[in-house]
Amino acid sequence: MSSLLFERDLLYPTQNVVDPGILHVKLLSPTNSRIPVIIESKSMHSALII
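These numbers come from a predicted model, not from an experiment. (Residues numbered from 1 in each chain as written. Predicted model: local features only at pLDDT ≥ 70, side-chain atom pairs only at ≥ 80, totals over all residues. Heavy atoms only, no water.)

1. A few points about the sheet that holds strand S3 (residues 37-41)
What counts, and what does not: Paired strands, in this sense, are two strands between which DSSP finds at least two bridges. Where helices and strands are cited, they refer to DSSP runs of H or I of at least four residues and of E of at least two residues respectively, numbered from the N terminus. An axis is simply a line fitted to the C-alpha atoms; with a helix, the fit covers only the stretch in contact. Between two such axes, the angle follows the N-to-C directions and lies from 0 to 180 degrees.
The strand order across the open sheet built from 3 strands is S1-S2-S3, with neighbouring strands paired in antiparallel fashion. Only two strands of the sheet have a single partner each, and these edge strands are strand S1 (4-12) and S3. The mean angle between the axes of side-by-side strands here comes to 15 degrees, regardless of whether they run parallel or antiparallel. Where strand S2 (residues 21-28) and S3 come together, 5 bridges link them in antiparallel fashion. Counted as the bridge partner of Val-25 is Ile-39 from S3.

2. Some remarks on the pattern of salt bridges
A side chain of one charge can pair with a side chain of the opposite charge if their charged atoms are brought near each other. Heads up, the rule is: Here a salt bridge means any side-chain nitrogen of Lys or Arg lying within 4 Å of a carboxyl oxygen belonging to Asp or Glu. Exposure classes here rest on a 1.4 Å probe applied to the protein chains alone. A residue is buried below 20% of its type maximum, exposed above 50%, and partly exposed in between.
Per the counting criterion, the structure on display carries 1 salt bridge. With its nearest N and O atoms 3.9 Å apart, the salt bridge here joins Glu-40 to Lys-42. Classification of Glu-40 by relative accessible area gives partly exposed; the value is 33%. Judged by relative accessible area, which is 48%, Lys-42 ranks as partly exposed.

3. Examining the side chain of His-24
For clarity, the cut-off: Polar contact is defined as a pair of N or O atoms within 3.5 Å, subject to the rule that within protein one atom must be able to donate a hydrogen and the other to accept it, and that residues adjacent in sequence are counted only when both atoms are side-chain atoms.
Tracing the sequence through the fold places His-24 in strand S2. For His-24, a relative accessible area of 11% gives the class buried. A distance of 2.5 Å separates the side chain of His-24 from the side chain of Asp-9, its partner in a polar contact.

4. Considerations on the pairing of S2
Of the pairings in the sheet, the one linking S1 to S2 comprises 8 bridges and is antiparallel in character. Bridge pairing in S2 links Glu-7 to Lys-26.

5. Side note on the confidence of the model for the protein
Spelled out, the test is: pLDDT: the predictor's confidence for each residue, scored from 0 to 100.
Summarising the model, the protein shows a mean pLDDT of 87, and 94% of its residues fall at 70 or more. Per-element confidence in the protein ranges from a low mean pLDDT of 92 for S3 to a high of 94 for S2.

Below, the structure is given as structure tokens:
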């Protein structure tokens, strides 16, 4: 089980100024010289279309 190194919610702009997009990012401790990164969407907006 990897331990959590960093966890943060990040906001990004969308077409609607009142409703920004939200991403939840987690960085876990390195395993085999790789850092696992988990990115989850917390809003209905697509983070790919910015």
